[in-house]
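# Understanding the architecture of this molecule
If you want the building blocks of each chain, they are given just below.
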Amino acid sequence: MGHSTAEASDEDSLSRYTRDIREERRAVREALRSDLPDAHLGLGVTVIALVAIAIFSGPRWTLIVAGAFTAWFLLALTVIHIGDGRGRDALRRAYVATFGWGGWI
């Protein structure tokens, strides 16, 4: 038994849809990709911002902001470690997850 024209058309549509979704996801992954140079820039901007906060607002807000970044890093490290990351790779991935936004500056 062969496929009817409607069934073949539905399969072609599903195939095109799947291909389009894969291409869209690949484009989003590429756009959001960052690496160590981006993370180093993000860390540098964070340090400069912390110094500015310390000068203008005092130690209380500096500690709050630094604590937020530390909590984010520890959360990323925990999630990566629960997954499959171990050792230096886990630290690098958590560092990039925390400060990789530097590439968008």
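The structure presented is a predicted model; accordingly, all values stated were derived computationally and were not measured.

### Thoughts on the packing of helix H2 (residues 36–57) against helix H4 (residues 87–99)
Relative orientation of the contacting elements H2 and H4 amounts to 55°, with a least axis distance of 8 Å. Considering the angle they form, H2 stands oblique to H4. You can see that H2 and H4 cross each other, and the crossing is left-handed. Residues Leu 36, Asp 38, Ala 39, His 40, Gly 42, Leu 43 and Thr 46 of H2 form the contact with H4, whose own contacting residues are Arg 92, Tyr 95, Val 96 and Phe 99. Residues that form the contact of H2 with H4 fall into these classes: six nonpolar, three polar and two charged.

### Focus: the pattern of salt bridges
Tallied over the entire structure, the rule returns three salt bridges. For Arg 93, the salt bridge identified is with Asp 89, shortest N-O distance 3.5 Å. In this pair, Arg 93 and Asp 89 both sit in helix H4, four residues apart, roughly one turn of the helix. Given a relative accessible area of 32%, Arg 93 falls into the partly exposed group. With a relative accessible area of 33%, Asp 89 lands in the partly exposed category. Within this structure, Asp 35, Asp 89, Arg 92 and Arg 93 form a network of salt bridges that share partners.

Conventions used here
- Residues numbered from 1 in each chain as written.
- Predicted model: local features only at pLDDT ≥ 70, side-chain atom pairs only at ≥ 80, totals over all residues.
- Heavy atoms only, no water.
- Axes fitted to C-alpha atoms, helices over the stretch in contact; angles between N-to-C directions.
- Helix = DSSP H or I, 4+ residues; strand = E, 2+ residues; numbered from the N terminus.
- Parallel < 35°, antiparallel > 145°, perpendicular 65-115°, else oblique.
- Left-handed = near helix turned anticlockwise from the far one by under 90°.
- Contact = heavy atoms within 4.5 Å.
- Nonpolar A, V, L, I, M, F, W, Y, C, P; charged D, E, K, R; others polar.
- Salt bridge = Lys/Arg side-chain N within 4 Å of Asp/Glu carboxyl O.
- Buried < 20%, exposed > 50% of the residue type's maximum accessible area, 1.4 Å probe, protein only.

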